[in-house]
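# Observations on the model geometry
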Amino acid sequence: MPISELSREDEAKLYLENTAITPAIAWAMTLLFLLTIVSVPLIQHVVEIRRNLAARNLEKQAGEAPQGRLLPQSYDTFALLPTKDEMRTVRSPKDAWDLIATPAEIRDYESTLEDQSVVAQWLLPRTQTLLTKNLGVGNEKAYVGRGGWLMYTPDVDYLTSPGFLDPSLQRVRKRSGDATDIAVQPDPLKAIVRFKEQLAARGIGLIVMPMPVKPMIHAEKMAARYSWHHGPLQNPSYEKFRQQLQENNVRLFDVSQTLLQAKQTSNAPQFLKTDTHWTPAAMELCAQQLAVFIEKNRLLPLHKSEDYTRGTQTVSNLGDIAEMLKLPPQQTLYGKQSVTIHPVKTPDGELLYASRAADILLLGDSFCNVYSFAEMNWGEAAGFGEQLSYYLQRPHDAIINNAGGSHVTRQQLVRDLRRGKNRLKNKKLVIWEFSMRDLLGGDWKILDLPNVEPVRD
């Protein structure tokens, strides 16, 4: 039968069965394969042992007994195994199961192993540079956009995934936790409504502020065909989410349209070019709008003006998404971005910080922290909480964590209450800010606020 009459499967089978590989080529390929898989751990052993020996010699020279390790970090895998003493305590299958390393412990070990890989540290930055520069390819955490813009992968996933309230998606997410953990609670509505009810029982109001993600406002940096006339991009479930919050009398403060209109009016970016966060101007605008919202709805009692003022400062930093690409330190593909911030100051001229005595409690993630927390390298005392205090001319309290806006700040609030630190004392309003990406990927734990303030030990 002529080859032209064969099916593709038969044609492929014919070529495979008749491909001739000489013994020399076969041996060469086998040796190359073995050399590759052996060389990586061998190089790692040599480098780590030499490094550890050097550290031990320094300890000896300092007159100290060598305490540092000698063997490479890969041998820490044996620490995950149960000891003889632990094995002697086994009386049932459950006892044996409890001695097995948890998925979290295994992941921590694997992550450390990857981070300390000499070959990876040398090869990955150079490979990523070639891929990003020549092909516009990012990695598992970053998309390379148009005009030198970068997008965070979970932000894009939020917009391109099925609705976060979709029952089939929530069933999958319930099984996504660690085997040793309580199952993920994927429904944000349950957690938000429950939290609102708990605060209301204490006479405290709640404002929920889902923070729009970067590609919602700057979709044109991913696709040239996008038109702002279509409005902000959004997950399919968001409208249902908004309606159900309204039905449950939960106040929603959504700044998506505010940021989109500001972009069109000023022709200025509302997000940092290579970072996940908003610009200082966008953040200040949203703080001002929230202050107006609070005053318009009379959510706080009258308060004497604090006479807060603002300064001006220019800061420069390389965005967090650019750092996620793990390019070489000397890379020139992405430079630092300079922005102007306005640190808020007290009447004494000191930088303003959160106050436990305030009647406002801000629960927030890195969007609140980015211009407040100096370690984020975008300035200090110029973030969302400080700007809100400036526009309201009253102090604020805050529980901020850079990640896990769906539950981490509420967990900290519960923990403080149980320890006798009444973070809700004298509070009249809680503002709960979280990234919209958490609506899709967050763990919306149902947490109960302690009803009675515990007595300190």
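Keep in mind the model is a prediction, meaning the values are calculated, not measured. (Residues numbered from 1 in each chain as written. Predicted model: local features only at pLDDT ≥ 70, side-chain atom pairs only at ≥ 80, totals over all residues. Heavy atoms only, no water.)

## Looking at the overall build of the chain
- When helices and strands are tallied, the chain shows 18 helices and 11 strands.
- Across the 457 residues that make up the chain, the buried fraction comes to 40%.
- Considering only residue pairs separated by 6 or more positions, the chain has 76% of its internal contacts joining residues 24 or more positions apart.
- Within the structure as shown, the chain displays about 26,100 Å² of accessible surface, and the carbon and sulfur contribution to it stands at 55%.
- Of the charged side chains in the chain, 53 are positive and 52 negative; the average position of the first set lies 3 Å away from that of the second. (Helix = DSSP H or I, 4+ residues; strand = E, 2+ residues; numbered from the N terminus. Buried < 20%, exposed > 50% of the residue type's maximum accessible area, 1.4 Å probe, protein only. Contact = heavy atoms within 4.5 Å. Areas by Shrake-Rupley, 256 points an atom, 1.4 Å probe, with all protein chains shown as cover. Lys, Arg positive; Asp, Glu negative; His and termini not counted. Charge placed at Lys NZ, Arg CZ, Asp CG, Glu CD.)

## A word on the side chain of Ser372
- For Ser372, the position within the fold is in the loop between helix H15 (366–369) and helix H16 (384–392).
- A polar atom in the side chain of Ser372 sits 3.2 Å from the backbone nitrogen of Gly383.
- The residues touching Ser372, leaving out its near neighbours within four places in the chain, are Gly379, Glu380, Ala381, Ala382, Gly383, Phe384 and Glu386. (Polar contact = N/O pair within 3.5 Å; in protein donor to acceptor, adjacent residues only side chain to side chain.)

## Focus: the state of the cysteines
- Tallied over the entire structure, the rule returns 0 disulfides.
- Here Cys286 stays unpaired: no disulfide links it, and the sulfur of Cys368, its closest cysteine neighbor, is 11 Å away.
- Cys286 sits in the buried class, given a relative accessible area of 0%.
- A relative accessible area of 3% places Cys368 in the buried class. (Disulfide = S-S within 2.5 Å.)

## Some thoughts on the packing of aromatic side chains
- Tallied over the entire structure, the rule returns 13 aromatic pairs.
- Between the aromatic rings of Tyr371 and Trp378, the centroid separation amounts to 6.4 Å while the plane-to-plane angle is 75 degrees, which identifies the pairing as edge-to-face. Like Tyr371, the residue Trp378 is buried in the burial classification.
- The interplanar angle of 80 degrees and the centroid separation of 5.0 Å between the aromatic rings of Phe434 and Trp444 together place this pair among those described as edge-to-face. Of this pair, Phe434 sits in strand S11 (residues 429–435) while Trp444 sits in the segment after helix H18 (437–441), and the two are 10 residues apart along the sequence. (Phe/Tyr/Trp six-rings, centres within 6.5 Å; stacked < 30°, edge-to-face > 60°.)

## Regarding the pattern of salt bridges
- Summed over the entire model, instances satisfying the criterion amount to 10 salt bridges.
- Between Arg242 and Glu239 there is a salt bridge, and its shortest N-O distance comes to 2.4 Å. In this pair, Arg242 and Glu239 are both assigned in helix H11 (residues 238–247), 3 residues apart and thus about one turn of the helix distant.
- Here Arg242 falls in the partly exposed class, since its relative accessible area comes to 30%.
- The exposure class assigned to Glu239 is partly exposed, which follows from its relative accessible area of 39%.
- Where Glu284 meets Arg310, a salt bridge forms, and the shortest distance between an N and an O atom there is 3.6 Å. On the criterion of sequence distance, the pair formed by Glu284 in helix H13 (residues 280–296) and Arg310 in strand S5 (residues 309–310) is long-range, its members being 26 residues apart.
- Residue class for Glu284 comes out buried when judged on its relative accessible area of 8%. (Salt bridge = Lys/Arg side-chain N within 4 Å of Asp/Glu carboxyl O.)

## A short note on the packing of helix H9 (residues 188–201) against H11
- In the contact formed by H9 and H11, the axes pass within 11 Å of each other and the chain directions differ by 25 degrees. Classified by the interaxial angle, the pair formed by H9 and H11 is roughly parallel. Like other packed secondary-structure pairs, H9 and H11 cross with a definite hand, here right-handed. Every residue of H11 that contacts H9 at Pro188, Leu189 and Ile192 is listed here: Phe241, Gln244 and Leu245.
- In terms of residue class, the contact of H9 with H11 is made up of 5 nonpolar, 1 polar and no charged. (Axes fitted to C-alpha atoms, helices over the stretch in contact; angles between N-to-C directions. Parallel < 35°, antiparallel > 145°, perpendicular 65-115°, else oblique. Left-handed = near helix turned anticlockwise from the far one by under 90°. Nonpolar A, V, L, I, M, F, W, Y, C, P; charged D, E, K, R; others polar.)

## Observations regarding the sheet that holds strand S10 (residues 397–400)
- As summarised here, the arrangement of the 5 strands in space is S4-S3-S11-S9-S10, forming an open sheet in which the pairing is parallel. Of all strands in the sheet, those with a lone pairing partner are strand S4 (251–252) and S10, marking the two edges.
- Against the sheet, helix H17 (residues 408–418) touches strand S9 (360–364), S10 and S11, its axis set at about 120 degrees to S10. (Pairing = 2+ DSSP bridges.)

## Topic: unusual backbone geometry
- One non-glycine residue, Asp307, lies in positive phi territory at about 60 degrees.
- Along the chain, Asp307 falls in the loop between H13 and S5.

## Focus: H17
- Along H17, the residues that are buried comprise Thr409, Arg410, Leu413, Val414, Asp416 and Leu417. End-on, the buried residues of H17 take up no more than an arc of 160 degrees, which puts them together on one face.
- Buried residues along H17 sit in contact with H9, S9, S10 and S11.
- With its phi angle positive at about 90 degrees, Gly420 sits one or two positions after the end of H17. (Arc of directions from axis to C-beta.)

## A look at H9
- Taking 1.5 Å per residue as the helical rise, H9 with its 14 residues ought to reach 20 Å, and the 20 Å between its terminal C-alpha atoms agrees with that figure.
- For H9, the set of buried residues is Pro188, Leu189, Ala191, Ile192, Val193, Phe195, Gln198 and Leu199.
- Elements that come into contact with the buried residues of H9 comprise strand S3 (205–211), H11, S9, H17, S11 and H18.
- Of the residues flanking the start of H9, the one acting as N-cap is Asp187, its side-chain oxygen 3.0 Å from the backbone nitrogen of Leu189.
- Immediately beyond the C-terminal end of H9, within one or two residues, lies Gly203, with a positive phi of roughly 75 degrees. (Expected span 1.5 Å × (residues − 1).)

Scope: geometric values only; no functional claims are made or implied.
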